[in-house]
Amino acid sequence: MTWRIALLCALVAAVAMLYKIPEPAIGCYLVIYLMKPNAAVNIALAIGATILVTIVVAVVLVLVQWTIDIPALRLATMALAAFLLVFLGSVSRLGPLGSDMALVVTFALSLTSDVPVGEAATRGLLYAWQMVTMPMALMLVFNLVLGWTPDRLLRSSLRERLETAADALRSDNTLAMRRLLREGNGEQQQMAMLVRLFHYAPAAAGMGLSQAVDSSYRLLLAIAALPQALAPEWRARLAAECQRAAEALSHQAPREADRAVLTEATDPAAREAARAVGALAAPAKTWAPMPQEPFFAADALSNPDHQRFALKTAAAAMACYLIYTGIDWQGIHTAMITCFVAALGTTAETVHKLALRIVGCLIGAAMGIAAILFVIPQITSVGGLMVLVFLGILPAAWVSSGSERISYGGVQIGLAFLLTILQGFEPSIDMDSARDRIIGILLGNVMVYLVFTQIWPVSVTHGVKLRLASAFAALAQLARRAPDETSAAASDASEAESEIAAAANSLALALFEPRRLRPSDAEAERLRMVLAEAEALTPKLFILHASAGKDSDPESAEAGLAAVGSAPEDRALLAERFTRLSHAVVDRPVSDGRPRGQKNDGEHLRRDMQPCNTVSEHIDRIEDLLAGLGRDGA
């Protein structure tokens, strides 16, 4: 992945120099930011971005004809385009691509003031179109030739699941398995869908992979719910079955399931684990059902946070544009670019990204200045520039391909490095341009920080509660599922796990918030405990669903389900309780003060906390924890 991104950026820089396409650094940024390991996703992104920017530029071209001679009207058009495109990305599955399109269109409109009036619109918008379509075309061709196909990535991912499940059964260490559960099933389902759409594998093999996605995730959920007292011999036999399934999947070879693993299972979770690993050996006859996600968010028009986010981003970008235009310092135009790429939903996420951006900017700029001083004077051809870009982007791509906590720092290292060395259409040793672009990035960071912390600031706890509400809604849906909807129930569990993991990641960023927005340690601890309880009950609720109606002996089934935690419970009642939780968690206030009379570290919350054994006990604990939100600081 790392060398692929670096090589593609080198190709983009070379084509931009040869054909005089402006701002090659933005094209390289799109490559670093958008490129994924999956070749099919990259191809789809390249096609989608090209179509989208073509439509947007065509529309803006018409608007520019009306505004070309009126600066105030052009400024209003820029602000409106920025707002609409950022809003579209916020409320749809376009996501960051909406902000990227806003960046390109707004920057292109800003160029119309720097060229002769007669050709301003055509030239500026043509540049904008070229800045996106050229790198996207190269990304498409590159992935057709050197990309990793989704079937290959999917086999590797499924093998990791099965081997991790085997290790968890042997060692009783479930940390790696919990990580895979938190990742959810969405990425694997997407890969299976791409295998089907692009015909990367024969139909029979593709069906087998799609069914394996479902079965392997069910296996992880079942193992997570296994009781500690389960016989070690049975665990070892199931671990061996998982290992055999992993090897058969890698070699694309059929295998016979060990029927004794299912017949000897005495616990509902054990029986579901045996059924799941047995399903991996059965020949697939149909494609596994895929959950249908709407293009637009359900709260697209009702949630004011989307409009506020778009307004804040557009306001920050337009403020930067007015500053560098008013003082006639066009060299710091990177300030406006920074506003579009640094803005995120919550204050903590934005400040965290700004910190990564500043650190990455300084590192990338230092690399760029060193290149200007010692390397660029020796470059005499485009080939030499390609080598420089390749070597400079390697460390940036390595960081951007790593942990999500720091990956954006890699994007910024690459962008700052490229903005420093790629000036005009030939190698340049102009230090003034490097200085101006770095100052622009820092100005954009300051502007985003001021706007997002002072105007409609969104606390990270608000995002955590929204994620929790989505997780509880998914669990309510799981509880309502009919006994024969096992695949849909696994998707519900996957969605809940993903939302819980996202909420936990957001809560970890609370330290980046200003103190007036930050929750107290006790409140943060209370939210962490809610997340832990929700994570613990998800596998148990799935096993409750999976075991319903599948046991021929009612007494045995009831006894086993009681061990999981819900035989006496009506699943409709559980669904109703989860629905109430999904509404209640959003309405709970969060205190911003310290608990009076006790340390502000949340230790008082952990006193006398006994592990929960049943789904109902977990829900009771969550209700108690949510009831205390906002009261620790009272």
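Residues numbered from 1 in each chain as written. Predicted model: local features only at pLDDT ≥ 70, side-chain atom pairs only at ≥ 80, totals over all residues. Heavy atoms only, no water.

Q: Help me understand the overall build of the protein chain, please; the structure alone is not making it clear to me.
A: A tally of helices and strands in the protein chain yields 25 helices and zero strands. Within the protein chain, the fraction of its 634 residues that count as buried is 54%. Pairs at least 24 apart in sequence give 83% of the contacts found in the protein chain among residues at least 6 apart. Total accessible area computed for the protein chain in this model is approximately 26900 Å², and 60% of it derives from carbon and sulfur atoms. (Helix = DSSP H or I, 4+ residues; strand = E, 2+ residues; numbered from the N terminus. Buried < 20%, exposed > 50% of the residue type's maximum accessible area, 1.4 Å probe, protein only. Contact = heavy atoms within 4.5 Å. Areas by Shrake-Rupley, 256 points an atom, 1.4 Å probe, with all protein chains shown as cover.)

Q: Honestly, empty space enclosed by the protein in this entry has me stumped. Any pointers?
A: Take a probe with the size of a water molecule and roll it over the atoms, and the empty space left behind shows itself. Tallied over the full model, the rule gives one cavity of 30 Å³ or more. By volume, the largest cavity amounts to about 50 Å³. Forming the boundary of the largest cavity are Asn185, Gln189, Ser210, Val213, Asp214, Ala288, Pro289, Met290 and Ser487. Looking at side-chain class alone, the lining of the largest cavity contains four nonpolar, four polar and one charged residues. (1 Å grid on protein atoms, 1.4 Å probe; cavity = no way out; pocket = protein on both sides within 12 Å on 5 of 7 lines; lining within 4 Å. Points joined across faces, edges and corners; volume = space filled by probe spheres on them. Nonpolar A, V, L, I, M, F, W, Y, C, P; charged D, E, K, R; others polar.)

Q: Even after reading the chapter, I still don't get the environment of Phe578, so can you show me in this structure?
A: With respect to the helices, strands and loops of the structure, Phe578 is situated in helix α24 (residues 571-587). Overall, Phe578 belongs to the buried group, its relative accessible area being 0%. Remark: the alpha-carbon pair of Phe578 and Leu475, spanning 103 residues in sequence, is separated by 6.6 Å. Not counting residues within four places of it along the chain, the set of residues in contact with Phe578 comprises Phe472, Leu475, Ala476, Leu537, Leu541, Val615 and Ile619.

Q: I would appreciate a short explanation of the nonpolar core in the present structure.
A: Note on soluble globular proteins: their nonpolar side chains tend to be buried together. Ranked by size, the top nonpolar core spans 100 residues in total, and within it Met336, Val389, Ile393 and Leu418 carry the most contacts. If you look at the next biggest cluster of nonpolar residues, it comprises 83 residues, including Leu154, Leu181, Ala265 and Ile500. (Core = buried A, V, L, I, M, F, W, Y, C linked by side-chain atoms within 4.5 Å.)

Q: Looking at this structure, how should I read the confidence of the model for the protein chain?
A: As a note on interpretation, predicted positions should not be read in detail where pLDDT is low. When the pLDDT values of the protein chain are averaged, the result is 81; 88% of them are 70 or greater. Low pLDDT (under 50) marks residues 552-569, which in the prediction has 28 contacts with non-local residues, meaning those over four places away or in another chain. Here residues 590-608 is modelled with pLDDT under 50, and outside its nearest four sequence neighbours on either side it reaches 46 contacts, counting other chains as well. (pLDDT = per-residue confidence, 0-100.)

Q: What is the right way to look at the packing of helix α7 (residues 150-171) against helix α9 (residues 186-198) in this model?
A: Between two packed helices, what matters for the description is the angle formed by their axes and the separation of those axes. One way to put it is that α7 packs onto α9 with a least axis distance of 9 Å and a crossing angle of 145°. As α7 runs across α9, the sense of the crossing is left-handed. Across the interface between the two elements, Pro150, Asp151, Leu153, Leu154, Ser157 and Arg161 of α7 pack against Gln188, Met191, Ala192, Leu194 and Val195 of α9. (Axes fitted to C-alpha atoms, helices over the stretch in contact; angles between N-to-C directions. Left-handed = near helix turned anticlockwise from the far one by under 90°.)

Q: What's the story with the packing of aromatic side chains in this structure? I'm lost.
A: Each aromatic ring pair is characterised by the separation of its centres together with the angle its planes make. Taken as a whole and judged by the stated rule, the model has seven aromatic pairs. Between the aromatic rings of Phe295 and Phe296, the centroid separation amounts to 4.9 Å while the plane-to-plane angle is 90°, which identifies the pairing as edge-to-face. Stacked on the ring of Tyr408, the Lys or Arg Lys353 has its end atom at 4.4 Å from the ring centre. (Phe/Tyr/Trp six-rings, centres within 6.5 Å; stacked < 30°, edge-to-face > 60°. Lys NZ or Arg CZ within 6 Å of the ring centre and 35° of its normal.)

Q: Please explain helix α25 (residues 615-627) as it appears in this structure.
A: Because an α-helix completes one turn every 3.6 residues, residues spaced three or four positions apart along the sequence face the same direction. Spanning 13 residues, α25 covers 18 Å between terminal C-alpha atoms, matching the ideal 18 Å at 1.5 Å per step. Inspection of α25 places Val615, Ser616, His618, Ile619, Arg621, Ile622, Leu625 and Leu626 among the buried residues, and these make up the whole buried set. (Expected span 1.5 Å × (residues − 1).)

Q: Whenever I open this one, the pattern of salt bridges confuses me. Can you help?
A: Taken as a whole, this structure holds 20 salt bridges when the rule is applied. With its nearest N and O atoms 2.5 Å apart, the salt bridge here joins Asp620 to Arg577. Residue Asp620 is found in helix α25, and its partner Arg577 is found in helix α24; the two are separated by 43 residues along the sequence. The partly exposed category is assigned to Asp620, whose relative accessible area is 34%. Residue Glu623 is joined to Arg577 by a salt bridge in which the shortest nitrogen-to-oxygen separation is 3.1 Å. One end of the pair, Glu623, is in helix α25; the other, Arg577, is in helix α24, and 46 residues separate them in sequence. Through salt bridges with shared partners, a single network forms among Arg178, Arg182, Glu497 and Glu535. (Salt bridge = Lys/Arg side-chain N within 4 Å of Asp/Glu carboxyl O.)

Q: Looking at this model, I keep getting lost on a nonpolar patch on the surface. Mind explaining?
A: A contiguous nonpolar surface patch, about 480 Å² in accessible area, is contributed by Trp3, Val141, Leu144, Val145 and Leu146. At four residues, helix α6 (residues 117-146) tops the list of elements feeding residues into the nonpolar patch. Mapped onto the secondary structure, Val145 falls in helix α6. (Patch = residues over 30% accessible without salt bridge, like charges linked within 9 Å, V, L, I, M, F, W, Y side chains within 5 Å.)

Q: Would you explain unusual backbone geometry in this entry?
A: Peptide bonds are mostly trans, and most non-glycine residues show a negative phi. Positive phi, normally seen in glycine, also occurs at Lys20, with a value near 55°. Among the structural elements, Lys20 can be located in the loop between α1 (2-19) and α2 (24-34). If you check the backbone angles, Asp328 has positive phi at about 55° while not being a glycine. When its relative accessible area of 63% is taken as the criterion, Asp328 is described as exposed.

Q: I keep staring at the state of the cysteines and nothing clicks. Help me out?
A: Between two cysteines, a covalent bond joining their sulfur atoms is known as a disulfide. Counted by the stated rule, this structure contains zero disulfides. Looking at Cys9, it has no disulfide partner, and the nearest cysteine sulfur is the one in Cys28, 4.5 Å off. (Disulfide = S-S within 2.5 Å.)

Q: Just checking my understanding: could you explain the packing of helix α22 (residues 521-547) against α24 for this structure?
A: Direction vectors running N to C along α22 and α24 enclose 150°, while the axes themselves pass 12 Å from each other. Between α22 and α24, the interaxial angle falls into the category roughly antiparallel. Between α22 and α24 lies a crossing of left-handed hand. Within the contact between the two elements, α22 uses Leu537, Leu541, Leu544 and His545 and α24 uses Arg571, Leu574 and Phe578. Residues of the contact of α22 with α24, tallied by class, amount to five nonpolar, one polar and one charged. (Parallel < 35°, antiparallel > 145°, perpendicular 65-115°, else oblique.)

Q: Even after reading the chapter, I still don't get α22, so can you show me in this structure?
A: Over its 27 residues, α22 extends 40 Å from the first C-alpha to the last, a length consistent with the 39 Å expected when each residue adds 1.5 Å. Along α22, the helix axis deviates most sharply at Thr538, where the bend reaches about 30°; the proline Pro539 sits within four residues downstream. α22 sits mainly inside the fold: 23 of its 27 residues count as buried. (Bend = angle between axes of the 7 residues up to and from the residue.)

Q: Even after reading the chapter, I still don't get the environment of Thr420, so can you show me in this structure?
A: Relative to the helices and strands, Thr420 resides in helix α18 (residues 407-421). Exposure remark for Thr420: the relative accessible area of 1% places this residue in the buried category. Along the primary structure Thr420 and Ile372 are separated by 48 residues, whereas in three dimensions their C-alpha atoms are 8.3 Å apart. Not counting residues up to four positions away in its chain, the partners in contact with Thr420 are Ala365, Gly368, Ile369, Ile372 and Ala434.

Q: Please explain the side chain of Gln188 as it appears in this structure.
A: Relative to the elements of secondary structure, Gln188 occurs in helix α9. Taking relative accessible area as the criterion, Gln188 reaches 6% and is therefore assigned buried. Once residues lying within four places of it in the same chain are set aside, the contact partners of Gln188 are Leu154, Ser157, Arg161 and Val213.

Q: I would appreciate a short explanation of the environment of Glu523 in the present structure.
A: Considering the arrangement of structural elements, one finds Glu523 in helix α22. Glu523 sits 102 residues away from Leu625 along the chain, and the two C-alpha atoms are 9.6 Å apart.

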